[in-house]
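Single-letter residue listing:
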Amino acid sequence: MKQRLTVLGSTGSIGTSTLDVVARHPDRFEIWALSAATQVDLMLAQCAQFRPRFAVMASEPHARLLADQLQANSLPTQVLLAKDALEIIASHKEVDTVMAAIVGAAGLAPCLAAARAGKRLLLANKEALVVGGQVFMEAVRQGGATLLPIDSEHSAIFQSLPEDPATWLQRIDKIILTASGGPFRQRAPDTLRDVTPEQACAHPNWSMGRKISVDSATMMNKALEVIEARYLFGVAPAQLEVVIHPQSVIHSMVQYRDMSVVAQLGTPDMRVPIAYGLSWPERVASGASALDFHALSAMTFEAISDHGHAERFPGLQLAWDALAAPAGTTAVLNAANEVSVAAFLAKRIRFDQIHHVNLATLEAVPLSGSDSLAALLALDLESRRVAEQAAHRLAA
Ligand code: NAD
Ligand code: MG
């Protein structure tokens, strides 16, 4: 039996890499539904290649445009227009696996639908878990879903952990997430105010969507990943450590109680964790090239407390601060960061002001420990409003 897949965010960086892996294994995988925000032309090409039953676009005008084009090209894919179309394609009984590759909290609702429906859920969309937190993990447990991390660090950790999750906490001492340090690892902190969106999006090792590229440049991406790891693996925040490793060869590691360290290595190519999530517990070809150990000149490491990194990347510490605060604080941090990054990309605020907006939002939004989905969504909305105001004040 072929695995039937829904790919949410199929036109993005992770979405297209997923389809690349899928196309290598027509005997194993079949595309059942695709979704995108606005890229009608690419979606049309994907429908022509993979012939899904359904396609979803984020807005009605784009959906209508796609439907017209599909008809003009005599393609059988049906465009779903329902308000909850993403939830439908993420939870339909004919679907086995859902790749969650939408960027931002916009992906939370379909992730929860897939979790509740007991799907095999491949999670690239880290913001959904940072917002949903324990509510997300509870939906996975109650729905009997199989949650497999796609973020390269979390895939590396998952591959380095013992097979039985019940034994994780007794055996491990800590989890060490590696970070490349992004494009500004060696830049003088007081010059970060001059960074342009183009410079921030030029990552030295990975080619990714614009939002995560900016997050990598501020290291808020690593902050989101620390939070993601806390929820995925159930470890205490104090057991999560970040080390800068500019070559991106070691994708993360687990240190056990006996001080043995298990790491996962590979070339920086997201098709590796994607292929692993698709085929787990088996392994299939990913299309990635092999790591050439003879060409590797060195693997180096830098502490966050060194080289001025704490000053350069003030957002990283917010992960532990938010995890120590009442439940829901990680949702506030995520919402603030989505707003501040968008404001920076639109050239409304400076690069160094991303952190100021995030801090101002964390300080202004009242918290009382949100433990339901409704409360988290309300908090997300309120945080966006507060962050917009903070960005507006800075822009003025
Ligand atoms: P991207 O911007 O390249 O793609 C995002 C996709 O989501 C696109 O298909 C877009 O059409 C769709 N989308 C955007 N906003 C939407 C909305 N409001 N409603 C519905 N669809 C929407 O982003 P990406 O780099 O592929 O990242 C996707 C997710 O994967 C992010 O959460 C990111 O943090 C995570 N991730 C990405 C990488 C990477 O290498 N790119 C690595 C690890 C994790
Ligand atoms: Mg990552």
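Residues numbered from 1 in each chain as written. Chains lettered and ligands numbered in written order. Predicted model: local features only at pLDDT ≥ 70, side-chain atom pairs only at ≥ 80, totals over all residues. Heavy atoms only, no water.

## Quick word on the overall build of the protein chain
Cut-off, in case you're wondering: Secondary structure counts use DSSP, requiring at least four H or I residues in a row for a helix and at least two E residues in a row for a strand, with both numbered from the N terminus. Radius of gyration means the value over C-alpha atoms here, while the globule rule gives 2.2 Å times the residue count to the 0.38 power. Should any heavy atoms of two residues lie within 4.5 Å, those residues are counted as being in contact. Here the open area of atoms and residues is found with the Shrake-Rupley method and a 1.4 Å probe, where only the protein chains shown may cover a residue. In this tally, Lys and Arg are treated as positive and Asp and Glu as negative; His is ignored, and so are the chain termini. Every charge is mapped onto a representative atom, which is NZ of Lys, CZ of Arg, CG of Asp or CD of Glu.
Helices and strands together make up the secondary structure of the protein chain, namely 17 helices and 12 strands. For 396 residues, the compact-globule estimate of 2.2 N^0.38 gives 21 Å, and the C-alpha radius of gyration of the protein chain, at 20 Å, lies within 12% of that figure. Overall, the protein chain is about 60 × 50 × 40 Å in size when its C-alpha atoms are taken along their principal axes. Pairs at least 24 residues apart make up 69% of the contacts formed inside the protein chain by residues separated by at least 6 positions. Surface exposure of the protein chain reaches about 16800 Å², of which carbon and sulfur atoms provide 52%. The averaged location of the 39 negative side-chain charges in the protein chain is 3 Å from the averaged location of its 33 positive side-chain charges.

## Topic: the coordination of the magnesium ion (ligand 2)
Formally: Each metal site is built from N, O and S donor atoms within 2.8 Å (3.2 Å for Na, K and Ca), and since water is not included, such sites may look incomplete. Three labels apply to residues, based on accessible area from a 1.4 Å probe with only protein chains included: buried if under 20% of the type maximum, exposed if over 50%, partly exposed otherwise in between.
Those donors, Asp151 (OD), Glu153 (OE) and Glu225 (OE), are the protein atoms that reach the magnesium ion (ligand 2), and they lie 2.1 to 2.2 Å from it. Between consecutive donors of the magnesium ion (ligand 2), the numbers of intervening residues give the motif D-x1-E-x71-E. Placement of Asp151 in the loop between strand E7 (146-149) and helix H7 (152-160) and of Glu225 in helix H11 (residues 220-233) is noted, with a sequence separation of 74 residues between them. For the pair Asp151 and Glu225, one class covers both residues: buried.

## Quick notes on helix H16 (residues 353-364)
Each turn of an α-helix holds 3.6 residues, which means side chains three or four residues apart point in the same direction. Selection criterion: A helix is expected to span 1.5 Å for every residue after the first.
With 12 residues, H16 extends 16 Å from end C-alpha to end C-alpha; this agrees with the ideal 16 Å at 1.5 Å per step. Listing the buried residues of H16 in full gives Gln353, Ile354, His355, Val357, Asn358, Thr361 and Leu362. If you follow the buried residues of H16, they end up packed against helix H10 (210-218), H11, helix H14 (318-324), helix H15 (329-345) and helix H17 (373-395).

## Structural notes on the packing of aromatic side chains
Given two aromatic rings, their pairing is described by the distance between the two centres and the angle made by the two planes. Where we set the bar: Working definition: a ring pair exists when centres of Phe, Tyr or Trp rings (six-membered ring for Trp) sit within 6.5 Å. Plane angles under 30 degrees give stacked, over 60 give edge-to-face, the rest tilted. Here, a charge over a ring is recorded when the distance from Lys NZ or Arg CZ to the ring centre is within 6 Å and its angle to the ring normal is within 35 degrees.
Summed over the entire model, instances satisfying the criterion amount to 6 aromatic pairs. Look at Trp32 and Phe54: their rings are 5.2 Å apart centre to centre, the planes differ by 65 degrees, and that puts the pair in the edge-to-face class. With Trp32 in strand E2 (residues 29-36) and Phe54 in strand E3 (residues 54-57), this residue pair connects regions lying 22 residues apart in the sequence. On the basis of relative accessible area, Trp32 is assigned to the buried category, the value being 4%. Geometrically, the ring pair formed by Phe158 and Trp280 is tilted, given 6.1 Å between the ring centres and 50 degrees between the ring planes. Taken together, the residues span a long stretch of sequence, with Phe158 in helix H7 and Trp280 in the loop between helix H12 (271-279) and strand E12 (302-303) at a distance of 122 residues. Residue Phe158 is classed as buried on the basis of its relative accessible area, which comes to 16%. When its relative accessible area of 28% is taken as the criterion, Trp280 is described as partly exposed. Here a set of aromatic residues connected by ring pairs shows up, and it is made of Phe158, Tyr276 and Trp280. Seen from the ring of Phe184, Arg187 lies directly overhead, with NZ or CZ sitting 5.6 Å from the centre.

## Notes on the site of ligand 1
Note the threshold: Near, as used in this document, describes a residue that has one of its heavy atoms within 4 Å of the molecule or strand being considered. In protein, a polar contact requires one atom able to donate a hydrogen and another able to accept it; more generally it is a pair of N or O atoms within 3.5 Å, and residues adjacent in sequence count only if both atoms are side-chain atoms. When residue character is reported, Ala, Val, Leu, Ile, Met, Phe, Trp, Tyr, Cys and Pro are called nonpolar, Asp, Glu, Lys and Arg charged, and the others, Gly included, polar. Domain start and stop positions are those given by an automatic or database domain assignment.
Inspection of the region around ligand 1 gives 22 residues, with Thr11, Ser13, Ala37, Glu127 and Gly209 positioned closest. In the model, an oxygen atom of ligand 1 is placed 3.2 Å from a nitrogen or oxygen of the Gly9 main chain. Contact between ligand 1 and Ala124: an oxygen atom at 3.4 Å from a main-chain N or O atom of the residue. For ligand 1, whose unbound accessible area comes to 820 Å², protein coverage reaches 84%. Taken together, the elements giving at least two residues each to the shell around ligand 1 come down to helix H1 (13-23) and helix H6 (126-143). Here the residues of the shell around ligand 1 sort into 12 nonpolar, 7 polar and 3 charged. Here the shell around ligand 1 spans two domains, and each of domain 1 (3-149) and domain 2 (151-315) adds at least three residues to it.

## A closer look at the nonpolar core
Generally speaking, nonpolar side chains in soluble globular proteins are found buried as a group. Basically, it comes down to this: We define the nonpolar core as a collection of buried residues of types Ala, Val, Leu, Ile, Met, Phe, Trp, Tyr and Cys that are connected through side-chain atoms lying within 4.5 Å of one another.
Formed by 107 residues in total, the largest nonpolar core has its most connected members in Leu66, Met99, Phe136, Ile175, Phe233 and Val242. Sequence-distant contacts of Val242, defined by excluding residues within four places in its chain, comprise Leu177, Ala179, Met219, Lys222, Val226, Ile304, Leu316 and Trp320. Counting residues in hydrophobic clusters, the runner-up holds 19 residues, among them Val195, Phe344, Ala387 and Ala391.

## With respect to a nonpolar patch on the surface
Spelled out, the test is: Surface patches are defined over residues having more than 30% relative accessible area and no salt bridge, joining like charges when they lie within 9 Å and nonpolar side chains (Val, Leu, Ile, Met, Phe, Trp, Tyr) when within 5 Å. What counts as a salt bridge is simple: a side-chain nitrogen of Lys or Arg found within 4 Å of a carboxyl oxygen of Asp or Glu.
Together, Leu265, Phe293, Met299 and Phe301 make up an exposed nonpolar region whose accessible area comes to about 370 Å². Within the secondary structure, Phe301 is located in the loop between H12 and E12. For Phe301, a relative accessible area of 42% translates into the label partly exposed.

## What to know about the domain arrangement of the protein chain
In plain terms, the rule: Two parts placed together each lose some accessible area; with a 1.4 Å probe, that loss summed over both constitutes the buried area.
Entries for the protein chain in the domain assignment read domain 1 (3-149), domain 2 (151-315) and domain 3 (325-396). Put simply, the middle of domain 1 and the middle of domain 3, counted by C-alpha atoms, are 27 Å apart. Taken residue by residue, the interface counts 10 residues in domain 1 and 11 residues in domain 3. Summed over both sides, the interface between domain 1 and domain 3 buries roughly 730 Å², with carbon and sulfur atoms accounting for 70% of that surface. On the domain 1 side of the contact with domain 3, Val130, Val131 and Val135 bury the most area, a combined 58% of that side's loss. Across the domain 1-domain 3 interface, the total number found is 0 salt bridges. At the junction of domain 1 and domain 3, the tally comes to 2 residue pairs in polar contact (both at pLDDT 80 or more). Those elements that provide at least two residues to the side of domain 1 that touches domain 3 are helix H5 (108-116) and H6. Looking at the side of domain 1 that touches domain 3 residue by residue, the classes come out as 6 nonpolar, 2 polar and 2 charged.

## So, the sheet that holds strand E4 (residues 78-79)
Applicable threshold: DSSP-based pairing: two strands are paired if at least 2 bridges between them are found. Angles shown run from 0 to 180 degrees and are taken between the N-to-C directions of axes, each axis being a line fitted to C-alpha atoms and, for helices, limited to the stretch in contact.
Pairing is parallel in the open sheet, where 7 strands are placed in the order E4-E3-E2-E1-E5-E6-E7. Two strands in the sheet have a free side with no partner beyond their single neighbour: E4 and E7. Running over the sheet, helix H2 (residues 40-50) touches E2 and E3 and is turned about 165 degrees from E2.

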